[in-house]
Structure formats: C-alpha cells, structure tokens
Amino acid sequence: MNDAPIGPEGPTSPLRTAGPLAALPPGTRLLHIGPHKTGTTAVQGALFAAKDKLPAHGVEFPATSRHPMEAVLAACARPAMMGDIAPTEKHWTLLLKQVEATGSRTSVISSEFFADAADDETVARIVRQLGGDRVHVLVTLRPLARIMPSQWQQYVQNGLRMGYEEWLHHMLRKAPYEKPNPSFWRRHRHDRLVERWSRAVGADRLTVVVVDDRDRDGLMRTFEALLGLPENLLQPVPDTANRSLTLAETEMLRKLNMEFRGNGLPDELYSQLVRNGAVMHMKNTCSPAADDLRISTPDWAVEAAGRIGAEMAQHIDATGVRVVGDPSLLSAVPRQRGPAPAEARMAPEVAAQALYGVLAAAAAVPVRHTAEAKARTVHQTSSKDLLRVLGHRCLKKLRRR
C-alpha cells in the first residue's frame with residue numbers, strides 16, 4: 001500500500017453490503033472505536049442516558065461516565081489533551097474491572113480514542129484484556145471531506161495555531177503527512193484502521209458502519225440492532241458543548257493560541273481557562289446564526305479527500321469485513337456553496353461570552369484538576385455564584401496587599 005494519503009483517481013470496485021442486520025451473540029463485548037467525528041459523542045450520550053434501561057434487555061454499559069477517555073488514552077499509551085489530567089494505568093484497570101463485572105451479559109464500550117492505538121501489539125493487548133474472542137469491533141465512518149474541517153477545529157481547541165488551508169497542505173501535500181498532527185492519519189486512514197483491528201479480532205468480528213448524514217437516526221438504529229435492543233430505545237441527547245465552532249470562533253481561538261504559546265503560559269491554564277472556560281461557555285450560551293460562516297474546504301482538498309476515500313473503500317472491501325450502509329459515501333464530495341467572504345466576523349456578544357467564560361473559570365475552577373473541579377464544570381455554575389466567588393477572591397487579594 002502506498003504510504004502517501006492521496007490515492008489514484010478513477011472508479012473503484014463496489015463494496016459488499018450486508019443484508020438485514022442481526023443482533024450479535026449474547027455475551028458479546030461490542031467495542032466501538034470511532035474514529036473521531038463519526039457520531040461517537042451522540043452514541044455515547046444516548047447509551048449513557050439509557051444506561052439504567054439496558055440491563056432489562058441483557059445489555060450493560062459498564063463505564064461510569066459517558067466517555068471513559070482517560071482509561072482509553074492510558075490503554076493506547078496516548079497523552080491527554082493539552083493541560084488535562086494525565087491518564088494512568090489505574091484508569092484503564094478500573095474500566096477493565098467494570099467490564100469484567102458485566103459477567104456473561106452483552107456489554108458495549110465506546111471511545112473514539114481507541115482509534116489512536118498505533119500498532120498491532122497495542123491493539124491485540126486491548127482486545128485480549130477486554131475479553132478476546134468475545135470482542136466484536138465496530139468502526140463508524142464518514143466521508144473524509146466532512147471530517148477534515150471538524151477535525152481541524154478540534155485540533156485548534158487543543159492548542160493548534162496553524163490556519164486551515166496551511167494545515168490541509170501539510171496533511172495532504174507535504175510528506176510524510178505527519179505534522180503538525182500525526183494523529184490525523186492514524187485515525188482517518190480508515191482502511192489501515194480497519195486492517196489493524198481486523199488482524200486482532202478477525203474479519204468476521206469487525207463491522208464497518210458507513211454513517212449517512214441524511215439519516216439522522218440511522219446510527220442509533222444500527223446500535224439497537226447489533227445489541228438486540230428495542231427500536232427507539234436509544235435517543236439523541238442535546239449537547240451544545242459538542243457543537244462545532246464557526247470559522248470566526250475558530251479563528252479567534254487560533255489567534256488566542258498563538259498569544260498563549262508565545263507568552264509561555266502553562267498548559268494547565270489552557271485547559272481550565274480556554275478550553276473548559278472560554279470555549280465551553282461560548283458553546284453553551286451562543287448558538288451560531290444562520291449567516292455565520294462555517295469552515296470551508298478548498299476545492300483541491302475536497303477532490304483529494306474524494307480520491308483518498310475511494311482508495312480506502314477499495315482496501316476495506318479487500319479485508320472481507322462486514323460493511324453496513326452505502327460505501328459510495330466514503331468518496332462523496334460535498335457540494336460547495338461558492339467562495340466565502342474574505343473575512344469572518346464574530347458577533348460582539350459571542351466574544352463577550354468567551355471572555356466571561358475565562359473570568360468564570362478563573363473564579364470557579366482551580367488550575368490543577370481535582371475531583372471537585374471535574375464534578376462541577378463552569379458552565380453548570382450560576383452567574384450569581386461565579387460573581388460571588390470572583391468577588392471573594394478579589395477581596396482576599398486586596399487584603400493581602
């Protein structure tokens with residue numbers, strides 16, 4: 001296989017598609033590995049919301065949080081997001097104990113960070129620790145052209161300072177396609193992801209689901225079918241904190257990242273004040289307007305994504321894994337809406353909410369992670385309480401002076 005991400009142009013052979021979707025055998029441990037930006041947050045939210053209803057149907061959701069991210073990062077030997085708590089083996093051991101406690105019942109574990117497992121040895125160990133032959137891997141996929149803008153703005157939320165078109169140039173045209181984010185192709189060279197995990201579990205215990213963005217409930221219904229759950233048991237949970245940033249919001253954050261790095265501030269401050277302060281508060285209080293500019297991918301990059309998607313579809317077909325959905329979507333090229341205006345502008349109220357989020361975080365959240373800080377996020381705290389704490393801290397500083 002060519003190591004370069006761009007594949008040859010031209011038609012591809014069609015993938016096989018599965019017939020009616022049957023439930024997995026009782027006692028299966030369904031391992032949903034993402035990757036990122038393929039509906040993972042929606043699935044995790046729906047499963048966690050239905051956690052108490054699942055056992056009546058022989059299914060367990062063993063994690064005690066919607067997304068056991070620290071445990072999975074530890075299992076994959078990956079670092080935490082910038083400034084977040086460092087994952088340790090204790091996190092992973094706890095999740096394994098929770099999975100083991102499900103006994104012979106069917107269970108489901110979901111984290112897009114499993115896609116960050118970089119080598120066969122790590123993948124094989126994860127599968128072995130989660131139950132070996134009982135593990136069935138589920139991979140959810142979307143067109144690469146739709147993933148790229150979402151993944152770039154997510155990287156910006158983790159401190160990236162590079163603009164979108166320059167980032168695309170590095171990911172698509174600048175070999176070895178690893179800077180500034182080596183995780184991108186580890187996650188989104190989807191054929192290699194499928195091959196890596198199918199080597200650990202076998203092609204008969206790996207299912208690829210091609211997500212169709214036109215069918216808003218399709219992914220939930222697929223999970224219900226695989227787990228043998230009643231239809232409509234899994235329902236989307238509104239989550240404003242998971243919305244994508246607009247172009248103006250992302251550019252504001254990117255420029256803030258440049259100032260943050262340029263002044264050598266500690267990563268812990270970024271996690272608390274920027275990502276969990278400014279960005280979180282802005283997402284929870286400001287809904288994008290209809291005329292807000294979205295992140296627009298240039299034509300050359302969209303066409304490259306389509307070619308890569310076609311090549312990945314061919315290689316996935318060759319693995320012999322089960323594919324659910326329309327595989328032609330993997331090379332789909334979204335319709336462009338014409339050239340965007342030269343400058344994206346942010347509404348004053350959005351900037352004000354971002355600034356308030358920083359002040360609120362400074363008042364209410366300690367710099368270091370504690371159990372209390374994780375239990376009570378800034379956007380869940382009332383403005384009255386935040387102002388009271390901020391005022392109290394200011395008074396203490398004045399008295400010391």
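Just so it is clear, the model here is predicted, and its values are computed rather than measured.

Caption draft 1: Region of interest: the nonpolar core. By size, the foremost hydrophobic cluster in this structure holds 62 residues, and its most contacted members are Trp-92, Phe-114, Trp-197 and Val-208. The element contributing the most residues to this core is helix α2 (residues 69-75), with 6 residues. Beyond its immediate chain neighbours, meaning those up to four positions away, Phe-114 contacts Leu-31, His-32, Ile-33, Val-72, Cys-76, Trp-92, Ile-109, Ile-126 and Trp-197. Within the second largest apolar cluster, 35 residues are counted, among which are Tyr-164, Met-171, Leu-245 and Val-274.

Caption draft 2: Local environment of helix α11 (residues 267-285). For α11, which comprises 19 residues, the first-to-last C-alpha distance of 25 Å matches the rise-based estimate of 27 Å (1.5 Å per residue) to within 8%. Where α11 bends most, the angle comes to about 25 degrees, and this point is Val-274. Buried within α11 are the following residues: Tyr-270, Ser-271, Gln-272, Val-274, Arg-275, Gly-277, Ala-278, Val-279, Met-280, His-281, Met-282 and Lys-283.

Caption draft 3: Spatial organisation of the pattern of salt bridges. Following the criterion strictly, the structure yields 16 salt bridges and no others. Between Asp-116 and Arg-187 there is a salt bridge; the shortest N-O distance is 2.8 Å. With Asp-116 in the loop between β3 (106-110) and α4 (120-130) and Arg-187 in helix α7 (residues 183-188), this pair connects stretches of sequence that are 71 residues apart. With a shortest N-O distance of 3.0 Å, Arg-243 and Glu-249 are connected by a salt bridge. Per residue, the accessibility class of Arg-243 equals that of Glu-249, and both read buried. Salt bridges linked by common partners bring Arg-142, Arg-146 and Asp-213 together as one network.

Caption draft 4: Quick look at the sheet that holds strand β6 (residues 322-324). Taken in spatial order, the 6 strands line up as β2-β3-β1-β4-β5-β6 in an open sheet, and their pairing is parallel. Looking along the sheet, the strands with just one partner apiece sit at the ends: β2 (59-60) and β6. Bridge count for strand β1 (residues 29-32) against β3 is 4 bridges, and the pairing is parallel. Of the residues in β3, the one forming a bridge with Arg-29 is Ser-107.

Caption draft 5: Representation of the environment of Glu-303. Checked against the element boundaries, Glu-303 lands in helix α12 (residues 299-319). Take Glu-303: its relative accessible area is 46%, and that puts it in the partly exposed class. The spacing of Glu-303 and Val-333 is 30 residues in sequence and 7.0 Å in space, taken between C-alpha atoms.

Caption draft 6: Structural view of the pairing of strand β4 (residues 135-141). For β4, a buried count of 7 out of 7 residues is recorded, marking the element as mostly surrounded by other parts of the structure. Taking every second residue as pointing to the same face, both faces of β4 are buried, with Val-135, Val-137, Val-139 and Leu-141 on one and His-136, Leu-138 and Thr-140 on the other. Two strands pair when backbone bridges link them, and β1 and β4 are joined in this way by 4 bridges, in the parallel orientation. Bridged to His-32 within β4 is Leu-138. Bridge count for β4 against strand β5 (residues 206-210) is 5 bridges, and the pairing is parallel. Of the residues in β5, the one forming a bridge with Leu-141 is Val-210.

Caption draft 7: Geometry of the packing of helix α1 (residues 40-49) against helix α9 (residues 218-227). Where α1 contacts α9, the axes come no closer than 10 Å and their chain directions differ by 55 degrees. On the basis of the axis angle, α1 is oblique to α9. Here α1 runs over α9; the crossing is right-handed. Here α1 contributes Ala-42, Val-43, Ala-46 and Leu-47 to the contact with α9, which in turn contributes Leu-219, Met-220, Phe-223 and Leu-227. Considering only residue class, the contact of α1 with α9 consists of 8 nonpolar, no polar and no charged.

Reading guide: rules and limits
- Residues numbered from 1 in each chain as written.
- Predicted model: local features only at pLDDT ≥ 70, side-chain atom pairs only at ≥ 80, totals over all residues.
- Heavy atoms only, no water.
- Core = buried A, V, L, I, M, F, W, Y, C linked by side-chain atoms within 4.5 Å.
- Buried < 20%, exposed > 50% of the residue type's maximum accessible area, 1.4 Å probe, protein only.
- Helix = DSSP H or I, 4+ residues; strand = E, 2+ residues; numbered from the N terminus.
- Contact = heavy atoms within 4.5 Å.
- Expected span 1.5 Å × (residues − 1).
- Bend = angle between axes of the 7 residues up to and from the residue.
- Salt bridge = Lys/Arg side-chain N within 4 Å of Asp/Glu carboxyl O.
- Pairing = 2+ DSSP bridges.
- Axes fitted to C-alpha atoms, helices over the stretch in contact; angles between N-to-C directions.
- Parallel < 35°, antiparallel > 145°, perpendicular 65-115°, else oblique.
- Left-handed = near helix turned anticlockwise from the far one by under 90°.
- Nonpolar A, V, L, I, M, F, W, Y, C, P; charged D, E, K, R; others polar.

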